[in-house]
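Structural characterization, general
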Amino acid sequence: MADVVSVDAVVKETVQQVSVWVPLLSGLGGGAITGILSFLLAKQNHRYTLDREEKAADKRQLQALQLEEDKRHKELTYISTELIILLEQYAENCAAVAVDDGELLHEPGREPERASSTSLPAPLNYEKVTGDWRSLPPVLMFRIRELPLLRTNAMGAIEDASANSTPPDHSEFFSARQYEFSQLGLKAIHLARQLRRECGLPSSRLNASSWSAQPVMLNVLRRERKLRLRENLDPPE
């Protein structure tokens, strides 16, 4: 139907162009008029063909772009699912450290000392992630890959605190442990949330209640920041 309408439009336009030349053509013979009409009609048909091919090319390009975007989104959803599980499990392990106040250990012939009861989370290992990292937004990919380095920095701060902690409670050591791993766990949750948004996946369960990992670590982080601020404002003599 569209082709029929287009052909009618071509004929009408050709007739309009010919009408301009009618005064000149009136002095010519029938053969000349037929030739000119044939030329004008062929010219219009040629332009119509070019327009149609151009529209078809644009449509093919749009379809190719859509297929490419669909493929990228599938790859993004696949790797995001892998990473979300990895990051949120890491966050829950960090939350366990954040609430670890340790326990007193009694050894014969020694004063009891407080020791940690929860092991530190292992560094994030992305070797088992099989999805295409290139499908991730660049900044988000960088922040995820940066987490193991942030853990290394955190371990340095914890080791410094441990070297200067006071027995038997070692409060400096536990404070550093809880502070650093609360930060790491909350960063992991934030990155997992961004991945969920990128793919349109459901929200996380890590903030479902006051005992969930996110609010627990937020409370610890706020407490430790207040403590550090107070120590900086009122340093020990």
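Above this text is the structure in question.
Residues numbered from 1 in each chain as written. Predicted model: local features only at pLDDT ≥ 70, side-chain atom pairs only at ≥ 80, totals over all residues. Heavy atoms only, no water.

Comments concerning the packing of helix α3 (residues 138–163) against helix α4 (residues 171–199)
- At a minimum axis separation of 8 Å, α3 and α4 run at an interaxial angle of 175 degrees. Here α4 runs roughly antiparallel to α3, going by the angle between their axes. (Axes fitted to C-alpha atoms, helices over the stretch in contact; angles between N-to-C directions. Helix = DSSP H or I, 4+ residues; strand = E, 2+ residues; numbered from the N terminus. Parallel < 35°, antiparallel > 145°, perpendicular 65-115°, else oblique.)

Quick look at the nonpolar core
- Counting residues in each nonpolar core, the largest one holds 41 residues, and the members touching the most others are Leu 83, Leu 87, Tyr 126 and Met 217.
- Contributing elements (two or more residues each) for this core: α2 (30–98), α3, α4 and α5 (213–233).
- With sequence-adjacent residues up to four places away left out, Leu 83 is seen in contact with Tyr 126, Val 129, Trp 133, Leu 136, Ile 144 and Leu 195. (Core = buried A, V, L, I, M, F, W, Y, C linked by side-chain atoms within 4.5 Å. Buried < 20%, exposed > 50% of the residue type's maximum accessible area, 1.4 Å probe, protein only. Contact = heavy atoms within 4.5 Å.)

With respect to the packing of aromatic side chains
- Under the definition given, this model contains two aromatic pairs.
- Taking 5.4 Å as the distance between ring centres and 75 degrees as the angle between the ring planes, the aromatic pair formed by Tyr 126 and Trp 133 counts as edge-to-face.
- For Tyr 126, a relative accessible area of 10% gives the class buried.
- Under the relative-accessibility criterion, Trp 133 is labelled buried at 14%.
- Across from the ring centre of Trp 133, 4.5 Å away, lies the NZ or CZ of Arg 145, which sits over that ring.
- In this structure, Arg 228 packs its charged tip against the face of Tyr 179, placed 3.9 Å from the ring centre. (Phe/Tyr/Trp six-rings, centres within 6.5 Å; stacked < 30°, edge-to-face > 60°. Lys NZ or Arg CZ within 6 Å of the ring centre and 35° of its normal.)

Digging into unusual backbone geometry
- Looking along the chain, the bond that leaves Pro 167 and enters Pro 168 is cis, with omega of 5 degrees.
- A positive phi angle is found at His 170, which is not glycine, with a value near 50 degrees.
- Within the secondary structure layout, His 170 lies in the loop between α3 and α4.
- Overall, His 170 belongs to the buried group, its relative accessible area being 14%.

Topic: the side chain of Ser 212
- Structurally, Ser 212 is set in the loop between α4 and α5.
- At 2.9 Å, the side chain of Ser 212 and the backbone nitrogen of Ser 209 are in polar contact.
- Those residues in contact with Ser 212 that sit more than four places away from it in its chain are Arg 205, Leu 206 and Asn 207. (Polar contact = N/O pair within 3.5 Å; in protein donor to acceptor, adjacent residues only side chain to side chain.)

Describing the environment of Leu 76
- As for its placement among the helices and strands, Leu 76 is situated in helix α2.
- Taking C-alpha positions, Leu 76 is 8.2 Å from Glu 198, a pair spaced 122 residues apart along the chain.
- Those residues in contact with Leu 76 that sit more than four places away from it in its chain are Ser 135, Leu 136, Pro 137, Glu 198 and Cys 199.

Some words on the side chain of Glu 82
- You can see Glu 82 is positioned in helix α2.
- One buried charged side chain, Glu 82, makes no salt bridge at all; its nearest oppositely charged neighbour is Arg 145, positioned 10 Å away.
- Looking at Glu 82, its side chain comes within polar contact range of the side chain of Thr 130, at 3.0 Å.
- When residues no more than four places from it in sequence are discounted, the contact partners of Glu 82 are Lys 128, Val 129, Thr 130 and Gly 131. (Lys, Arg positive; Asp, Glu negative; His and termini not counted. Salt bridge = Lys/Arg side-chain N within 4 Å of Asp/Glu carboxyl O.)

Digging into the pattern of salt bridges
- Inspection of every chain in the model, using the stated rule, returns ten salt bridges.
- Arg 114 is the partner of Asp 169 in a salt bridge, and the nearest nitrogen-oxygen pair spans 3.6 Å. With a gap of 55 residues between them, Asp 169 in the loop between α3 and α4 and Arg 114 in strand β2 (residues 113–115) connect regions that are remote in the sequence.
- A relative accessible area of 25% means that Arg 114 is categorised as partly exposed.
- Note that Glu 224 is salt-bridged to Arg 223, the shortest N-O span being 2.8 Å.

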